[in-house]
Amino acid sequence: MTAERLPGTSAAEQLPPAFPERAAWGTAGKLRAWQAEALEQYFRDQPKDFLAVATPGAGKTTFALRLAAELLAQRVVNRVTVVAPTEHLKVQWADSAARVGIKLDPHFKNAQGKHAPGFHGVAVTYAQVAAKPTLHHNRTAAGRTLVILDEVHHAGDALSWGDAVREAFSPAVRRLSLTGTPFRSDTSPIPFVTYEPDENGIRTSVADYSYGYGRALKDSVVRPVLFLAYAGAMSWRTKAGEEMSHVLGEETTKDIYAQAWRTALDPNGDWIPAVLKAADMRLTEVRRTVPDAGGLVIATDQTTARAYAKQLREITGEKPTVVLSDEAGASARIEEFQNSSDRWMVAVRMVSEGVDVPRLCVGVYATSSSTPLFFAQAIGRFVRARKRGETASVFLPSVPVLLALANTMEVERDHALDRPKNEDENDVVVFDEQALEQANRNEGASDQLGSFEALGAEALFDRVLFDGGEFGTGGAIGSEDELDFIGIPGLLEPDQVHELLRTQQAKQAKRKTAVASAPEVDRSELEHRAMKEERNQLQSLVGAWSRRTGLPHKTVHVQLRKACGGPAVAQATRDQIQARIKKIQGWFVGQS
């Protein structure tokens, strides 16, 4: 069979970028334009190795299974091996393959030696291959084998894993490598991936076909993402007994930055409950137009995941689905959630990569993991479009590394080998995959930062990030400034989202102006409530001035302290806070 005779691949440019009312994963009867284009290129070049990079939600599995079916039909190969990161994904691959007539055994064990009769091949994990690479080498050599390496960057998780994958699958007739994130947080080479020097001599991965988030967004193949960032004042006690405080999102040292973030995620503070409640309100709004929309909370470790689930149950009155790790029953719980209309699922890592739950529309990024790899895979759980107009909403801490990743969602990256580790991180904490493995073992990924006690964590709505732009100037929890953005309809085209965000920002600015000219707060109000509101107002104004001038939050606070006197915000009296509010409001008036 020639490339021209492949169904749907002879005229990729004539196909729609996405078909309406998307079919179930792996069952598509026709191809998206990028899938057809990539298949046409593959059968034109007939490569032994092919790296396809496609953004999460674009349909890598449909592409891979169509290619496998054609290679089987042409008798180029007579068996298929799929290598996936997790046990759950093995089953998911086998289910999808069965829908297109390819029988894969996801329950194959190394002790079996060969797969059972009646199967075209097996689905295994990278860990399974690393345990007995010689066995898989012999299996691969025993037939004309197509090896599909799903999320191939995992083959570089450890030097031993990379060596094992090379040994096991070097005899393959064809190898298809797939990834939605062609980069790693380290410089470990990925097996069977081509690296070529760029203009600076840095060896960089080269994809045979790429389909990035930006192009997929234009094609309406994936959803646009609204990022709702939350800041707030944090306080904690160090191991030495020293009490510390910091405003989440402001520049500071590495240790303080990490522990303020960790304090925000503490289930005993006020930050997480406030954000979970806001996210549930957002989910309610989305379900007005997407009735089966679901939400996912991604936690750092198993202990906090259970605590978050308890809080969600108190907020919603419904028991959320909890998936703690790649354990017995986890796949069944995910599948049950997917086929239900339940509101929330809470997980540590199980659903951060590859798992297909298209109805997930709202997420809470409540983890201390911040590698570009993990962030992209996690956000990928929410971008799988089913029909035009669906928008994803992700709530996250207002910390620079996450905001930077959110603002560069459309940037395509390659994996570079010859770079210093953490070269772009400066003084920013980035937790690597070893930390994620610790989280899977019921250990906090930030335990290495030292023992401490979280004392308090207040939440403050900061801003909305969308398509590289920022909207809003912050606001208190439950205020109109927050609710205007939470209440954006869940079914809008991207240009409508932009217009509505601009409208809401204008309304907010008008309210801020009215507040500036309003009488002083009634002194009869409870002092602590009034002080909390005014502290939030000050932090909001500082954030807005920072974005207008480009000055770091910390610098703005220093300028206010010089102008008005007094200690840091956390120790300032109410009169001192009010004086700083008036001062910064005057700066806005003077610059307008």
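Residues numbered from 1 in each chain as written. Predicted model: local features only at pLDDT ≥ 70, side-chain atom pairs only at ≥ 80, totals over all residues. Heavy atoms only, no water.

S.K.: Before we move on, could you go through the packing of aromatic side chains and cite the residues and values that matter?
M.R.: Taken as a whole and assessed by the stated rule, the structure comprises 13 aromatic pairs. Both rings, one in Trp34 and one in Phe63, keep their centres 5.7 Å apart while their planes meet at 40 degrees; by these two values the pair is tilted. With Trp34 in helix H1 (residues 33–45) and Phe63 in helix H2 (residues 60–73), this pair connects stretches of sequence that are 29 residues apart. Accessibility assignment for this pair places Trp34 and Phe63 in one class, buried. (Phe/Tyr/Trp six-rings, centres within 6.5 Å; stacked < 30°, edge-to-face > 60°. Helix = DSSP H or I, 4+ residues; strand = E, 2+ residues; numbered from the N terminus. Buried < 20%, exposed > 50% of the residue type's maximum accessible area, 1.4 Å probe, protein only.)

S.K.: Lay out helix H3 (residues 87–99) with the relevant residues and their values.
M.R.: Its 13 residues give H3 an end-to-end C-alpha distance of 19 Å, which sits within 8% of 18 Å, the value for a rise of 1.5 Å per residue. Of the residues one or two after H3, Gly101 is the one with positive phi, at around 85 degrees. (Expected span 1.5 Å × (residues − 1).)

S.K.: Talk me through the pattern of salt bridges; I want residue IDs and the actual numbers.
M.R.: Taken as a whole, this structure holds 17 salt bridges when the rule is applied. Linking Glu453 and Arg237 is a salt bridge whose minimum nitrogen-to-oxygen distance equals 2.7 Å. Residue Glu453 is located in strand E17 (residues 452–457), and its partner Arg237 is located in strand E10 (residues 225–238); the two are separated by 216 residues in the primary sequence. Taking relative accessible area as the criterion, Arg237 reaches 26% and is therefore assigned partly exposed. Its salt-bridge partner being Asp462, residue Arg463 comes within 3.2 Å of it at the nearest N-O pair. Residue class for Arg463 comes out buried when judged on its relative accessible area of 8%. Accessibility expressed as a relative area gives 8% for Asp462, which makes it buried. (Salt bridge = Lys/Arg side-chain N within 4 Å of Asp/Glu carboxyl O.)

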